[in-house]
Amino acid sequence: MAKKAKSLNKLISFVGAILAVVAVVMIFLPQIASVNGDTTYNGITIAFGKSEKAGIGDFIKGETKINFSFFNFAAYLLVIVGLVITALQMAGMAKGKLLTIIAAAALIAGGVIFFLALSTTTITSSGSIAGFGTSSTVKFADFNGESTKVWQLGFGAIVGGITAILSGVCALGNVVLSK
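Here the residue index of a chain counts from 1 through its sequence in written order. Per-residue local features of the predicted model are confined to residues with pLDDT of at least 70, and side-chain atom pairs are confined, for both listing and counting, to 80 or more; whole-chain, interface and lining totals are unaffected and use all residues. Heavy atoms throughout the structure, all of them, feed into the side-chain values; hydrogens and water do not.

Draft legend 1. Region of the structure containing the sheet that holds strand 1 (residues 30–34). In this analysis, strands are considered paired if DSSP registers two or more bridges between them. Segments assigned H or I by DSSP are reported as helices when at least four residues long, segments assigned E as strands when at least two residues long, and all are numbered from the N terminus. Read across the open sheet, the three strands follow the order 2-1-7; overall the sheet is antiparallel. In the strand order of this sheet, the two ends are held by strand 2 (40–42) and strand 7 (151–153), each with one partner. Adjacent strand axes in the sheet meet at a mean angle of 20° when their direction is disregarded. Of the strand pairs in this sheet, strand 1 and strand 7 are connected by three bridges, and their pairing is antiparallel. Following the sheet pairing, isoleucine 32 is matched in strand 7 by leucine 153. In this analysis an axis means a line fitted to C-alpha atoms, helices contributing only their contacting stretch, and an angle means the value between N-to-C directions, from 0 to 180 degrees.

Structure, rendered in structure tokens:
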């Protein structure tokens, strides 16, 4: 019976690690998408920021900048921490229920943060004509109103969040199944 539990723990750890890898890979897929589908921003962009400039000479200038987001960065960092702990445990280099609980907490917290991308990502728009201009910073979620929806979570945020949380649940399963 103990041998079956041990092999089940290994299987659960392996499945959890694969799910965590899938969550990390979601950094390359759309995290935020416009409702009409013509504009998307991947995890790298919403975590580290991006700037786009436009203008006509020095007379008319404009810039749209997606700002660095600590929370979006933390989502990937937490999932990577959970994945590394899980991988070390699978390799036999780290042992203990506390480490497994830390991995589970990191994976689940990272997964939850994936779903907050619209509220944690800000965009700054600035423009000037002949040197006189203005600037404003808003969250992507602020563009959505009661009757209109401009931005939504992209495929990467949804899949990343679900797989990270499931990976954390696998880690918790290992805690429950181990003696």
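Here the narrative resumes, following the displayed structure.
Draft legend 2. Region of the structure containing the sheet that holds strand 3 (residues 50–56). Taken in spatial order, the four strands make up an open sheet running 3-4-5-6, and their pairing is antiparallel. Since the sheet does not close on itself, it has two edges, and those belong to strand 3 and strand 6 (132–139), each with one partner. With strand direction ignored, the average angle separating the axes of adjacent strands in the sheet is 10°. Pairing analysis gives eight bridges linking strand 5 (residues 122–129) to strand 6, with the strands arranged antiparallel.

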